[in-house]
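# Architecture at a glance
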Amino acid sequence: MGFTPTQSLSGFSMNLNSTKTLDNLISNAFDNYKNDNLELRKTAYWNLVREYSNLSKDEKITLAEDVSIYVLEELNNQIKIYQIELLEKLSQEVYINAYSIFSTIIVVLFKNDDDEILIRKIYHTLLNIMKVKRYCLENVATPIQFKFLITILYHAELCNKHITSYCIQLIGHFMLLKDIYNIVQSQKEDTQVIDSGLNRDRISPSSSTSSLNSLSDYKIKRDTKSGSSNTFMKKSESGDITNDNNTKRNSSLYDEKKFFLKNHFSIRNMQKVIEYFLVDEDEHVRKAAILTLTHLHSNNIQLHITLYRQLKKLLKDTNEDVRIAAMNAIWLLVLQNSDYKIIPEYYNYHGLLVNDAFIKICNMINDSSVTVRTKTCAILGSFKNVHSNYLFQALNKKILSNFKYKKQDQNSSSSRNNNFRSSKKTKLPSGDLLLENEKIYLSDASACGAFVHGLEDEYREVRNAALDSVGEQSLQSHLFAQKAIVFIVDMFNDEIFEIRLQAIHTLHKIALKHAIHLNQDQLQNVLSSLQDASSISRFAAHKMLSALYMANTDCVKILIKALMNDLTKYKEDQKSVYSCFKHIGLKHPNYIENLIPMFLKLEKPFLPQEQVSDDPIHIGHIILIYNAASIKSKIFYQLPEYTFKQYYYLRDVYPDCFPILNIPKAVYPDNIYTSSTIKDNISTQLIDDLMNDVILSSQSIKNHVDNGKYQHAIDIITDSKNKLAYIKNTKASLSEKVELVSLYLSCCKIVIQALKSYKTQASNIEYAATLMQLTYQMQYIFLGVQSCLYPQLEAFRVLSHLLLMSQYLKSSNGKITNEISNMANLFVERIQKLRVLLKTNNYDILEIKIFNIETLINDLIKNKFIDIISFLIAVEKTIASYILPSFDITNNIKKTKVTIASTIDSKDIKFGAEMPYRIDINANIINITDPTNILIEVIMPNQAKYFYKPLIHHFIPCGHYSYKLNSFIVLEENGWSDFANIEIHITYEFQPQFEMVDKYLLNYNEITSANITNNTSCKVRFTEVPLILSIYPENMK
């Protein structure tokens, strides 16, 4: 059934917001695509192909049904091409039967053996369908599969290069069928004959002596068949493929099956068919053959080792794509046959496939193509277990002398030696090399300096790939790494920043795997990276230097001096440099001991003079000394007394840079810091001061944001969070206050990120949702927030509301919908409440720009119109104002904490399927004002969530704002096959202030957020660590 003109036009009017011209164009196409007039029909199909993306789902389904029938009846080949292209597009739709279209196109192929252009289009279409819908070939009827394969083999050599390329790839798809033997199933009357041949080939597929070396025999055989190519198949109205003459088809098909069983049955013989095209005169065909072999390997089909000989020859192909494809195929062969032995051609030759392939690929470094050289360098690094001789040869431009030909027989050898002794010694010109029995195997000489040539290439892509490969091979071999360090260090002087950075990362990776010692010359090259203007390069260099070992004291001295210069020149490098000093001290305690007099300016005739404790240079020296002392305690006895006081102070300031040491009393008997009371008092004061500094930093965050210095503000937030983490680990009493401040800083960071993305016109809904979720977590998880942070939380919620509304306005291009109008009304209500709240908390409303947007929102509500550009600019100007001035967090902050347990002794629970099973739940809940909204959340293995509301009498008061929960849950599940884990949490249910907006944002990231769950109401999860039980609902017998 098809469209009527009226139906097609009305359908497009409903599904398209297009112009009248487009509607008429597509309508005319549907009117005429069944027309008897050839030109009108041709134009109709062309228009349908061109405007395909504008078709509705129903129109596409109807086209798939109609065109599949018409293409079988069409006589004009040009129209068939349009129809085939239309069917290809339709086959990509998920709601259309792709394999039915696939079968139809195959039948069209059987009917058109004479038109090369149409055949090319058909094969191209079939291949594209197969790449997207791999199951199509498996769902085609077996007789059609077999006839299709015969046709492919025939066209592969008969037609032009493009058709041949498509045919080769389709052969590869045939080999990927779940059961390739189904292709050659016989009819009932031929079962015994065919099966006997089938079994013979399965037992010994490689023993067939009639495998094809070319397709010429097949062509002759196929051409002698009578009527086989003229057998047409038609599609009935029910959609099944039938034949006009079953007897004739069965007889012809049986002959083809016997020929195929004899010559092409095994996967190896199918690979021989593909191998036949590796020597084709056309480069596209050669490339297609290699890519098909690669595709087979990626689908777990083993490539035969005999392909290696032909693939080696293709490394010298005139086409660079063929050479690259050949390298990839050789690498795949090496992966599956690395230990395969090949015939040795000379003594000391390590005759493994991996070695020979490595040599051949090395030779490609001299290729004229940049792409080939880049690929060569990349592949060289991925070879595993290459013999060390060849790896070292790739790093040396000189030919190694251990490659020799096999010795000749003894007679000829002794005769040659006698003649040599009897002759006078000839004086050779300077520079010549006299070879007696040793002769260089020039094929192996091609590996000479392959890595070096890559590192010295004029193109950055090649150098970068070579650097990666040298690094990968260095990770596999310590000996190779030691030789390669010279070349890697030399890359620190490269003119390209990315290459220098890659050299730093490569040396760092190697140093983490092997102990790398640098001499003075190498160190000077490495230290050049500290002078880079990019902080990325300097920070990477600091990490790299932390992993290296120095050869002597002079090297350590040079290194420390360079780092001190870096510390003086770039203040932002302080933290990274101090971390580097820590590792230098740990790795070189003996050398650091020798430098202590220089660090502390000690002179034997004089008393030591105390150095200033806040001097960055002196702090670096103290870090070096005390980290070295943690390895070598003898250093303590060389240190003046004032350094011990500074150690305890600096350890609190820079906890990540100092080890925890117990200084011997014999060294420092008057250590006042050993008094726990005084030490605790001093530490407490330091931590309290640090906490106050973090809280006051919120003012500087706002100032930086107001001035457009977003990165500075983010750096302050990051540094503050690091300090908070230290405070939490040091002073447990401040942990709840620390967590609240950390969440507030996270909100500030989200505001900054939203402002940055707003300038790039990106979507801000994710930021709005995360911000809203964090504010409700802070409100319901912490007690005491209302008294100190509530205005800030409300300001963040107003911003989330505004970001959501602005995103809707951008999507609607300023058109005011009912949804936007409702959001605007709620926004005005919300911002008015914020105004009252800020006045109550003594904020200066005139200095806060939040309310500048209120006038535009009121105009929007009143006029049902808004200038979207002006609105977005106004929003951008107000975003920074939602970070309010500094706040004060009291020590009365308390966090709701829950510990949950079960009365069941074993965590492995087995019960009868579909039978109710009770699990008792015990939980201790502290710092909760109202337990009536608490729920028990159960997450099943399939991530389904169930909520159980405990009864009020299940909560037993056990202290101020503390309760003990004694409740239960009842599980009733269908049978499972084994044990699986479930998670049990305690959650808190609440109703947000403005349900339309807040509920949407709170549930926006439900899939990725672990804190806000449920689609119908809003919940916050109290448990940090869930109760995990393993259950097994077992089917009852």
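Residues numbered from 1 in each chain as written. Predicted model: local features only at pLDDT ≥ 70, side-chain atom pairs only at ≥ 80, totals over all residues. Heavy atoms only, no water.

### Describing the layout of surface pockets
- The calculated volume of the largest pocket comes to roughly 1,300 Å³.
- Residue lining of the largest pocket: 30 residues in total, with Lys575, Tyr654, Asp719, Asn722 and Lys723 positioned closest to the centre.
- Looking at the lining of the largest pocket, the elements that each hand over two or more residues are helix 28 (535-547), helix 30 (574-587), helix 33 (642-653), helix 34 (676-706) and helix 35 (710-730).
- No other element matches the eight residues that helix 35 contributes to the lining of the largest pocket.
- A per-class count over the lining of the largest pocket returns ten nonpolar, nine polar and eleven charged.
- Per-domain counts for the lining of the largest pocket show at least three residues from each of domain 3 (515-667) and domain 4 (679-881). (1 Å grid on protein atoms, 1.4 Å probe; cavity = no way out; pocket = protein on both sides within 12 Å on 5 of 7 lines; lining within 4 Å. Points joined across faces, edges and corners; volume = space filled by probe spheres on them. Helix = DSSP H or I, 4+ residues; strand = E, 2+ residues; numbered from the N terminus. Nonpolar A, V, L, I, M, F, W, Y, C, P; charged D, E, K, R; others polar. Domains from an automatic or database assignment.)

### Some words on the sheet that holds strand 12 (residues 955-959)
- Pairing is antiparallel in the open sheet, where four strands are placed in the order 7-9-13-12. This sheet does not close on itself; its edge strands, each paired only once, are strand 7 (897-902) and strand 12. Each strand axis lies, on average, 25 degrees off the axis of its neighbour in the sheet, ignoring direction.
- In this sheet, strand 9 (residues 917-926) lies alongside strand 7 in antiparallel orientation, the contact comprising six bridges. Residue pairing in the sheet places Ile900 in a bridge with Ala923 of strand 9. (Pairing = 2+ DSSP bridges. Axes fitted to C-alpha atoms, helices over the stretch in contact; angles between N-to-C directions.)

### Notes on the confidence of the model for the chain
- Mean pLDDT for the chain: 76, with 77% of residues reaching 70 or above.
- Low pLDDT, under 50, characterises residues 1-19; the stretch is placed with 35 contacts to residues that sit more than four places away or in other chains. (pLDDT = per-residue confidence, 0-100. Contact = heavy atoms within 4.5 Å.)

### A short note on the side chain of Ser369
- Here Ser369 lies in the loop between helix 18 (353-362) and helix 19 (370-380).
- Setting aside chain neighbours within four positions, we find Ser369 in contact with Glu320 and Arg323.

### Topic: the pattern of salt bridges
- A full pass over the atoms with the stated rule returns 30 salt bridges.
- Glu88 serves as the salt-bridge partner of Lys121, at 3.9 Å between the closest nitrogen and oxygen. Taken together, the residues Lys121 in helix 7 (residues 116-132) and Glu88 in helix 5 (residues 77-91) connect sequence positions 33 residues apart. The pair Lys121 / Glu88 is uniform in exposure class, with both members buried.
- Taking the shortest distance from any N to any O, the salt bridge between Glu572 and Arg538 comes out at 3.3 Å. (Salt bridge = Lys/Arg side-chain N within 4 Å of Asp/Glu carboxyl O. Buried < 20%, exposed > 50% of the residue type's maximum accessible area, 1.4 Å probe, protein only.)

### Focus on the pairing of strand 9
- Here ten bridges tie strand 9 to strand 13 (residues 962-971), and the two strands are oriented antiparallel to one another. The residue of strand 13 that forms the bridge with Ile919 is Ile969.

### Topic: unusual backbone geometry
- With phi around 60 degrees, Asn385 is a residue other than glycine that occupies positive phi space.
- Relative to the helices and strands, Asn385 resides in the loop between helix 19 and helix 20 (388-394).
- In this model, Lys601 sits at a positive phi of 55 degrees, which is unusual for a non-glycine residue.
- Checked against the element boundaries, Lys601 lands in the loop between helix 31 (589-600) and helix 32 (616-631).
- For Lys601, a relative accessible area of 61% gives the class exposed.

### As for the nonpolar core
- With 179 residues, the main nonpolar core has Phe102, Tyr123, Phe148, Phe358, Leu545, Phe581 and Tyr626 as its most contacted residues.
- The contacts of Phe102, once residues within four sequence positions are left out, are Leu126, Ile129, Met130, Cys136, Leu137, Val140 and Phe148. (Core = buried A, V, L, I, M, F, W, Y, C linked by side-chain atoms within 4.5 Å.)

### Side note on helix 10 (residues 161-175)
- For helix 10, built from 15 residues, the straight-helix expectation of 21 Å at 1.5 Å per residue is met to within 8% by its first-to-last C-alpha distance of 22 Å.
- Within helix 10, burial applies to Ile163, Thr164, Ser165, Tyr166, Cys167, Ile168, Leu170, Ile171, Gly172, His173, Phe174 and Met175. (Expected span 1.5 Å × (residues − 1).)

### Digging into the packing of aromatic side chains
- With the rule as written, the count across this model stands at 19 aromatic pairs.
- Centroid distance Tyr578 to Tyr654: 5.4 Å. Interplanar angle 85 degrees. Geometry classified as edge-to-face. With Tyr578 in helix 30 and Tyr654 in the loop between helix 33 and helix 34, the pair connects residues that are 76 residues apart, well separated along the chain.
- Ring plane angle 55 degrees and centroid distance 6.4 Å describe the contact between Tyr626 and Phe636, whose orientation is recorded as tilted. (Phe/Tyr/Trp six-rings, centres within 6.5 Å; stacked < 30°, edge-to-face > 60°.)

### Here we look at the pairing of strand 13
- In this sheet, strand 13 lies alongside strand 12 in antiparallel orientation, the contact comprising four bridges. By the bridge assignment for strand 13, Ile956 is matched with Lys964.

### Re the packing of helix 5 against helix 7
- Interaxial distance between helix 5 and helix 7 falls to 10 Å at its minimum, and their mutual angle equals 5 degrees. By the angle between their axes, helix 5 is roughly parallel relative to helix 7. The segment helix 5 lies against helix 7, with Asn77, Lys80, Ile81, Ile84, Glu85, Glu88 and Ser91 engaging Ile117, Leu118, Lys121, Ile122, His124, Thr125, Asn128 and Ile129.
- For the contact of helix 5 with helix 7, the class distribution of residues is six nonpolar, five polar and four charged. (Parallel < 35°, antiparallel > 145°, perpendicular 65-115°, else oblique.)

### Describing the packing of helix 19 against helix 24 (residues 460-476)
- Two elements in contact, helix 19 and helix 24, have axes whose closest approach is 7 Å; the angle formed by their N-to-C orientations is 10 degrees. Considering their axes alone, helix 19 and helix 24 lie roughly parallel with respect to each other. Between helix 19, through Val370, Arg373, Thr374, Cys377, Ala378 and Leu380, and helix 24, the contact on the second element is made entirely by Glu461, Val462, Ala465, Ala466, Ser469 and Gln473.
- Residues of the contact of helix 19 with helix 24, tallied by class, amount to seven nonpolar, three polar and two charged.

### Quick word on the environment of Glu973
- Relative to the helices and strands, Glu973 is located in the loop between strand 13 and strand 14 (980-990).
- Given the relative accessible area of 15%, Glu973 is considered buried.
- Sequence spacing of Glu973 and Glu914 is 59 residues, and the spatial spacing of their C-alpha atoms is 5.1 Å.
- When residues no more than four places from it in sequence are discounted, the contact partners of Glu973 are Ala913, Glu914, Met940, Tyr946 and Pro1033.

### A word on the environment of Tyr1000
- Counting through the fold element by element, Tyr1000 comes out in helix 42 (residues 995-1002).
- Separated by 231 residues in sequence, Tyr1000 and Ala769 have C-alpha atoms that sit 8.2 Å apart.
- Apart from the residues lying within four places of it in its own chain, the contact partners of Tyr1000 are Leu804, Tyr808 and Glu995.

### Things to note about the environment of Asn54
- Inspection of the secondary structure assignment puts Asn54 in the loop between helix 3 (38-50) and helix 4 (57-73).
- Residues Asn54 and Asp23, 31 residues apart in the sequence, show an inter-C-alpha distance of 9.6 Å.
- Among the polar contacts listed, one links the side chain of Asn54 to the side chain of Glu51, at a separation of 2.9 Å. (Polar contact = N/O pair within 3.5 Å; in protein donor to acceptor, adjacent residues only side chain to side chain.)

### Looking at a nonpolar patch on the surface
- Where nonpolar side chains cluster on the molecular surface, the patch consists of Tyr649, Val653 and Leu686 and spans about 230 Å² of accessible area.
- Here Leu686 lies in helix 34.
- What makes Leu686 partly exposed here is its relative accessible area of 32%. (Patch = residues over 30% accessible without salt bridge, like charges linked within 9 Å, V, L, I, M, F, W, Y side chains within 5 Å. Areas by Shrake-Rupley, 256 points an atom, 1.4 Å probe, with all protein chains shown as cover.)

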